[in-house]
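Residue strings, one per chain:
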Amino acid sequence: LRATLDIPIVGTVPAIKPAAKDTQSGLVSVLATPGTVKRDYTHDLIADHAPDAQVTLVGAPTLAAMAEAMLAGDALDQDKLRAEIAPCFQTRDGQRTDVVVLGCTHYPFLRELFETHAPWPVQWLDPAPAIARRLKNVLADLGGIGGTGQISLRSTVPGESIEAIARQALQL
């Protein structure tokens, strides 16, 4: 994207480096989309930043859609959600997973439900604060943002759910 577009791009990557730093048990899970857990880039992040941790990659096929549905006001299948996060919780040699990386921008919207359905408490590592800091730095380098403008939103989800998602995300 950066090579193609003439605008700053702020991307996201799974927060593996801080997870490896924060874990006490050495057991970290990355809860992400199936595509993210398959990417060489994700595996490279683990090799580079978490060589001493045992990292479990969990590709959740429906959590992003569940988050969008919840934000649109739809009821969620709690059993399905519980099944999607269950592989995050590992035990090895008397230790348990203590950090779960939220590896999709949709997942923080489900955090309270994750906490409710988790078999034990863990640190849910949300990358949003780091992304916001990076965006702030990029904008500062550009002289900041001011004035008025227009926001254009796009979604891969059919229907009008993007409006409901945007209203909640932007607190409108």
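Going by the structure above, here's the rest.
Attention here is on the structure that accompanies the text. (Residues numbered from 1 in each chain as written. Predicted model: local features only at pLDDT ≥ 70, side-chain atom pairs only at ≥ 80, totals over all residues. Heavy atoms only, no water.)

## What about the overall build of the chain?
And then number 1: In terms of helices and strands, the chain carries eight helices and six strands.
And then number 2: Going from the N terminus to the C terminus, the chain shows its helices and strands as α-β-α-α-β-α-α-β-β-β-α-β-α-α.
And then number 3: A total of 172 residues make up the chain; the buried ones form 33% of that total.
And then number 4: The long-range fraction of contacts in the chain, counting pairs at least 24 apart against all pairs at least 6 apart in sequence, stands at 74%. (Helix = DSSP H or I, 4+ residues; strand = E, 2+ residues; numbered from the N terminus. Buried < 20%, exposed > 50% of the residue type's maximum accessible area, 1.4 Å probe, protein only. Contact = heavy atoms within 4.5 Å.)

## With respect to the layout of surface pockets
And then number 1: Of the voids in this model, the second largest pocket is the one considered here, and its volume is about 440 Å³.
And then number 2: Breaking the lining of the second largest pocket down by element, the ones donating at least two residues are α1 (16–22), α3 (40–49) and α7 (128–141).
And then number 3: Of the residues in the lining of the second largest pocket, the class split is 15 nonpolar, three polar and five charged. (1 Å grid on protein atoms, 1.4 Å probe; cavity = no way out; pocket = protein on both sides within 12 Å on 5 of 7 lines; lining within 4 Å. Points joined across faces, edges and corners; volume = space filled by probe spheres on them. Nonpolar A, V, L, I, M, F, W, Y, C, P; charged D, E, K, R; others polar.)

## Points about the pattern of salt bridges
And then number 1: Counted by the stated rule, this structure contains two salt bridges.
And then number 2: The residue D79 makes a salt bridge to R82 at a minimum N-O spacing of 2.6 Å. Of this pair, D79 and R82 both sit in helix α5 (residues 78–85), separated by three residues, roughly a single helical turn.
And then number 3: The partner of E115 in a salt bridge is R111, and the shortest N-O contact between them spans 3.2 Å. On the criterion of helical spacing, the pair formed by E115 and R111 is a turn pair, its members being four residues apart in helix α6 (residues 111–117).
And then number 4: With a relative accessible area of 41%, E115 lands in the partly exposed category.
And then number 5: For R111, a relative accessible area of 30% corresponds to the partly exposed category. (Salt bridge = Lys/Arg side-chain N within 4 Å of Asp/Glu carboxyl O.)

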